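Structure assessment
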Amino acid sequence: MSNDIWGWVYDTHHQLEQAGQHRLATALVEIAGHAVDGRNEQLDALFPEALASSRALGLPWVEVFLRHWRLQNLLNKRHQGEQAMTEAVSLLEFAHREETEGCPQSVCAVQDFTICHANIDGPGYVPERLAVLEEALQRVEPARACFDCLSREYADTLEDDGRAGEALAHLDLAKTRIQSAGESVSLSFGHARCSALYRLGRYEEALAALAAAEQAYTKAGNRLDEDDLRKGGVIRARLLAALGRYEEALAVLPDGAEADGFADVRHRWTEAVALLVAAGHYPNDARLGIRLAHWVSYLDAAGSHRPCLDLALAAGRLAVARGAREVALALVATAERKLALLRRTDAVAGPLAELAAAARALPVAALPVPAAGLLTHLAGRPGEPTDPEGDLELLAAGRRELGTGGDAAQATDLLLVLAGLFASLGHERAAAELLWEQLDRDPGHRDLVGMLTTVLIEARDGEQLRRLADRVAAADPGGAHWIRARWALAESRWAEAVEQVEALLAVDPTRINPRRLAAAAATELGDYATAQRLYQELLEHALPADPGAPEEQYRTVQTPDLWHLITVASANRDWAVVRSTGARLGIEFDRADGPVEEDWQYVTVRARRADGGQSDLPALRTGPATARIVPVLGEDVPLNHHDLVVFSPALLEPAPAEDATEAEKQRWRPTFELLTLLDPAGYTTYFVDGAWPGPQRWDELRGALRDRGYGIWAYSGEQYRVLDPAAPEDGPGLAGIYAALGVPPTASAAEADALVAGLTAGWTHPLAWPDLAKAAGAGTERHEGIIERYGL
């Protein structure tokens, strides 16, 4: 077994494929890419099944590999700290058991462990990080990829200790050892050298080092992907801004919306923007403040205390610079809370105290009217509010003027607006603290409870949500169930959401919105019977539509309610309800009863692949929420030709605008998300490959197969070429065809083999279908010969 991790992956992938464990084999080769490139959804979809398979098959080395790369994603791409600590400790223990210590990936659990501590408090854990990394580096040869990773982590630790010069020297020595072993350093190694040079103030050298690292990477045959370009962009922007080359920095700085999706670039992005703001080359406005506040809240929830504090300091300084006193004070409060969680505070306690003093020194807003009339004043201004932070200052001043002895109702009304604005600016915790304080003064106020629930859900604060539910349970048991249901839904705990709503309805059976929530949760569970019952109950209890009472619209039947009812009724095959509900929407059906099976239009059904990605599948819509899949499909999508599916009613992509070209309008098809497979048609897929026979023969083959109930779907395009056996190998070759053949459940593999052989007999260039021939029990020698001659 290879001691090189990627050699081991190659060998293990081959063994899993030979054993028929195709999905686990695919996960093994794809999980690292998903992890390092930040494809979080694909990783989250792939990981649970792959981990379960590795355990069921008794493959502890595979388990170490899978868990390591998931942790790399959680720690580096999602910047989790305490949130990931339990798994980091567990993997470190598991990777050093007798049955796993020989795995090439086991040593990387040490890196995961140290990164997790770095995210929590890098400087505070320097001695422990250096100790475990030194021990690990002694066990790893420089030729292994792990040596590169561990060396970078060692340098990061030295940087956290303020020893950037030692970090650079360590990296340069490690690079020499890696190259002496006949290997090259990674692009990430080059990024680490740039970081050390930046901390040393050697900005021009860092720019040159980044360019050299990227050049070496591409010269070795690699391509800079989106992740590489994004990282390189923020590194380069920070360096250029530090050099005063602001226009160049702006040109390479990724858009803030891109940084929203990737936590690993946010710290450098923020440092670059702070330099640009100071030079007057980037707007220091509320939009920037909102973005940074959301990033601070994210790190807060992730338990990444030191990065959270560092980012709060940067955001706080920017807030002070634009005069946003209340925002700055909220960031100071977050930073002070984080400071108390650190082991080492020498480098941050002073800057935090300076920020706090600067924030408190900002002038308090002067009220344009008495506090009692402030809300009316703000609501009466023409146009949309353009200065939310300025309004926040006014509302905070108004609250102080009302004090604790004023009118309770006025105080609560103003507080609700203040808290809502705080939350909209990204400061959910500050909003929650205000709401808790007012709830103590006005404990029976439902709007306070409702907004506090919303704010705590946005902050992902489960502990405080449980506290709130317990607090209101005695006086309002239904309200407590509603809080728990909303939190369960936000966390995708579908069964608990349904359970809590059912308990609420037992107390108050007239509620409408809770039924919507529970029906949606039941649909996610695949419990379509419960979802249908809840939607039908919603129709029974809904109020008549009243245009004069817009505040009651949520208690009336909405068009989406009817579409959702049609969808779950279709999944339940309750065609009578599909028809009666469709009639309320003005839908006309060809038949008055029986299953809805009509030819409506071609649509696209978006289905989830086994690897966590998505596939858009052409389908023929047969009813309001049903369609039959058109293409013949492989293993990556759990559907096949002619399967009847139910889809969710909401359009995933809007129709072309009125000014779109006629060609754009013709190409557009409604796209819906797959809900469930209703009736599998039972087709089995085999692939055919070879030279393109020309349009006439292909159309004849396709027509003959379809007349006999088979399906066929071409996957290759004009770019697919195969060898021409009668021409030199370096010639242009022949146009090729690679297609999927769908064999109906009424035909055997042997019948299909004979049919395709008969229909393609006499073709100048034969096709190959080895898997079908093997399933038919026929010889595969002819097909293997075709594969070899045509280079298939």
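Structure's up top.
**Overview of the environment of Leu-525**
Relative to the assigned elements, Leu-525 resides in helix H28 (residues 513-525). Take Leu-525: its relative accessible area is 43%, and that puts it in the partly exposed class. When the C-alpha atoms of Leu-525 and Val-498 are compared, they prove to be 9.7 Å apart, with 27 residues separating the residues in sequence. Discounting residues that sit within four places of it in the chain, Leu-525 has contacts with Trp-494, Ala-495 and Val-498.

**Here's the deal with the packing of helix H2 (residues 22-37) against helix H3 (residues 40-56)**
At a minimum axis distance of 10 Å, the contact between H2 and H3 shows a crossing angle of 140°. One way to sum up the angle between H2 and H3 is to call them oblique. As H2 runs across H3, the sense of the crossing is left-handed. Residues Arg-23, Leu-24, Ala-27, Glu-30, Ile-31, His-34 and Ala-35 of H2 form the contact with H3, whose participating residues are Gln-42, Leu-43, Leu-46, Phe-47, Glu-49, Ala-50, Ser-53 and Ser-54.

**Some words on the pattern of salt bridges**
If you walk through the whole model with that rule in mind, you get 59 salt bridges. Asp-121 is the salt-bridge partner of Arg-306, the closest N and O atoms lying 2.7 Å from each other. With Arg-306 in helix H17 (residues 305-321) and Asp-121 in helix H6 (residues 108-121), this residue pair connects regions lying 185 residues apart in the sequence. In this structure Asp-121 comes out as buried when scored by relative accessible area, which is 1%. A salt bridge links Glu-159 to Arg-199; the nearest nitrogen and oxygen atoms lie 3.8 Å apart. Note that Glu-159 is positioned in helix H8 (residues 145-160) and Arg-199 in helix H10 (residues 187-199), a separation of 40 residues in sequence. By relative accessible area, which is 15% here, Glu-159 ends up buried. Residue classification places Arg-199 among the partly exposed residues on the basis of a relative accessible area of 45%.

**As for helix H22 (residues 408-424)**
The first and last C-alpha atoms of H22 sit 24 Å apart over 17 residues, in line with the 24 Å expected at 1.5 Å per residue. Among the residues of H22, those classed as buried are Ala-411, Thr-412, Leu-414, Leu-415, Leu-416, Leu-418, Ala-419, Leu-421, Phe-422 and Ala-423. In this fold, the buried residues of H22 make contact with helix H18 (325-339), helix H20 (374-379), helix H21 (388-402), helix H23 (428-441) and helix H24 (446-458). Once H22 finishes, Gly-426 follows within two positions and takes phi at roughly 95°, a positive value.

**Side note on the packing of helix H11 (residues 203-219) against helix H12 (residues 226-242)**
Two numbers describe how H11 lies on H12: the axes approach to 9 Å, and their chain directions differ by 160°. With respect to H12, the element H11 is oriented roughly antiparallel. In this structure, the crossing between H11 and H12 has a hand that is left-handed. Each of Tyr-203, Ala-206, Leu-207, Leu-210, Ala-211, Glu-214 and Tyr-217 in H11 lies in contact with H12, whose residues at this interface are Asp-228, Gly-232, Ile-235, Arg-236, Leu-239, Leu-240 and Ala-242. Taken together, the residues that form the contact of H11 with H12 break down as ten nonpolar, one polar and three charged.

**Thoughts on the environment of Pro-638**
Along the chain, Pro-638 falls in the loop between strand E3 (626-629) and strand E4 (644-647). With a relative accessible area of 62%, Pro-638 lands in the exposed category. Residues Pro-638 and Leu-677, 39 residues apart in the sequence, show an inter-C-alpha distance of 8.9 Å.

**Details of the nonpolar core**
Counting 111 residues, the largest nonpolar core has Trp-269, Leu-292, Leu-418, Phe-422, Leu-435, Leu-452 and Leu-468 as its most contacted members. No other element matches H17, which puts nine residues into this core. Counting 32 residues, the second-largest nonpolar core is a separate cluster that includes Trp-482, Leu-565, Ile-566 and Ile-587.

Analysis parameters
Residues numbered from 1 in each chain as written. Predicted model: local features only at pLDDT ≥ 70, side-chain atom pairs only at ≥ 80, totals over all residues. Heavy atoms only, no water. Helix = DSSP H or I, 4+ residues; strand = E, 2+ residues; numbered from the N terminus. Buried < 20%, exposed > 50% of the residue type's maximum accessible area, 1.4 Å probe, protein only. Contact = heavy atoms within 4.5 Å. Axes fitted to C-alpha atoms, helices over the stretch in contact; angles between N-to-C directions. Parallel < 35°, antiparallel > 145°, perpendicular 65-115°, else oblique. Left-handed = near helix turned anticlockwise from the far one by under 90°. Salt bridge = Lys/Arg side-chain N within 4 Å of Asp/Glu carboxyl O. Expected span 1.5 Å × (residues − 1). Nonpolar A, V, L, I, M, F, W, Y, C, P; charged D, E, K, R; others polar. Core = buried A, V, L, I, M, F, W, Y, C linked by side-chain atoms within 4.5 Å.

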